[in-house]
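The primary structure of each chain is shown beneath.
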Amino acid sequence: MRTVEDYLLHLKSKGFQLREDAIGFIYFGQQYTNSTDELTNTAIEITLKAQKGFDGSFYISLLETFASNKIHSRKAALQFIKKIELLAV
């Protein structure tokens, strides 16, 4: 499992340039929802795929949805996203 910092560096190496305010918002959302690095990284990935860029509102909503549905792993998050047909995973 990668830390959020490692995941953001990975995204940067792949050409995804997130602004400083987006990065700050990512960490805020993680703390606000008390999410693990694994779930935070998954929410970032799904946000980028679904929105074709980083959308802070979508990201926070996703983390809150994971928390309210007691989703604690990447696998469970991807299954949930597929179930609600948010994204073809």
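Every value quoted in this text rests on a predicted model; they were computed, and no experiment measured them.

What follows is about the overall build of the protein chain. Tallying secondary structure elements over the protein chain gives 5 helices and 0 strands in all. Secondary structure elements of the protein chain, listed N to C terminal, follow the sequence α-α-α-α-α. The C-alpha atoms of the protein chain give a radius of gyration of 12 Å, which matches the 12 Å a tight globule of 89 residues would have. Dimensions of the protein chain, computed from C-alpha atoms along their principal axes, come out at roughly 30 × 25 × 25 Å. When burial is assessed residue by residue, the protein chain has 38% of its 89 residues classed as buried. A fraction of 56% describes how many contacts in the protein chain between residues 6 or more apart in sequence connect residues 24 or more apart. For the protein chain, the computed accessible surface area is about 5,600 Å², with 51% contributed by carbon and sulfur atoms.

Following both chains from N to C, one finds helix α1 (residues 4-13) and helix α3 (residues 37-51) inclined at 30 degrees, their axes separated by 9 Å at the closest point. As summarised for this structure, α1 and α3 are arranged roughly parallel, according to the angle between their axes. Taking contact as the criterion, the partners of V4, Y7, L8 and L11 in α1 are, on α3, D37, T40, N41, I44, E45 and L48. Considering only residue class, the contact of α1 with α3 consists of 6 nonpolar, 2 polar and 2 charged.

This paragraph deals with the packing of aromatic side chains. Two measures describe an aromatic ring pair: the distance that separates the ring centres and the angle between the ring planes. Applying the stated criterion across every chain, the model contains 3 aromatic pairs. Centroid distance F28 to Y32: 5.6 Å. Interplanar angle 20 degrees. Geometry classified as stacked. With a gap of 4 residues between them, F28 and Y32 both fall in helix α2 (residues 20-33), about one helical turn apart. Residue F28 is classed as partly exposed on the basis of its relative accessible area of 45%. For Y32, a relative accessible area of 52% gives the class exposed. Between the aromatic rings of F54 and Y59, the centroid separation amounts to 5.4 Å while the plane-to-plane angle is 50 degrees, which identifies the pairing as tilted. Here the aromatic residues F25, F28 and Y32 are joined through ring pairs into a cluster of three or more.

Rules behind the numbers
Along every chain, residues carry numbers that run from 1 in the direction the sequence is written. Owing to the predicted nature of the model, reporting of local features is limited to residues with pLDDT of at least 70; listing and counting of side-chain atom pairs is limited to 80 or more, with chain, interface and lining totals taken over all residues. Side-chain metrics rest on all non-hydrogen atoms present in the structure, leaving aside hydrogens and water. Secondary structure elements follow DSSP: runs of H or I of four or more residues count as helices, runs of E of two or more count as strands, with numbering from the N terminus. Throughout, radius of gyration means the C-alpha value; the globule benchmark is 2.2 Å times the number of residues raised to the power 0.38. Partly exposed describes any residue whose relative accessible area lies between the buried limit of under 20% and the exposed limit of over 50%, with all areas from a 1.4 Å probe on protein chains only and scaled to the type maximum. Two residues qualify as a contact provided that any one of their heavy atoms is within 4.5 Å of a heavy atom in the partner residue. Throughout, the Shrake-Rupley method with a 1.4 Å probe supplies accessible areas, and for residues the shown protein chains are the sole cover considered. To get an axis, fit a line to the C-alpha atoms, keeping to the stretch in contact for a helix; angles then go from 0 to 180 degrees between the N-to-C directions. Roughly parallel here means an angle under 35 degrees, roughly antiparallel means over 145, roughly perpendicular means 65 to 115, and every remaining angle is called oblique. By the convention adopted, Pro, Cys, Tyr, Trp, Phe, Met, Ile, Leu, Val and Ala count as nonpolar, Lys, Arg, Asp and Glu as charged, and the other residues, Gly among them, as polar. For Phe, Tyr and Trp, where Trp contributes only its six-membered ring, two rings pair if their centres lie within 6.5 Å, and the inter-plane angle classes them as stacked under 30 degrees, edge-to-face over 60, or tilted in between.

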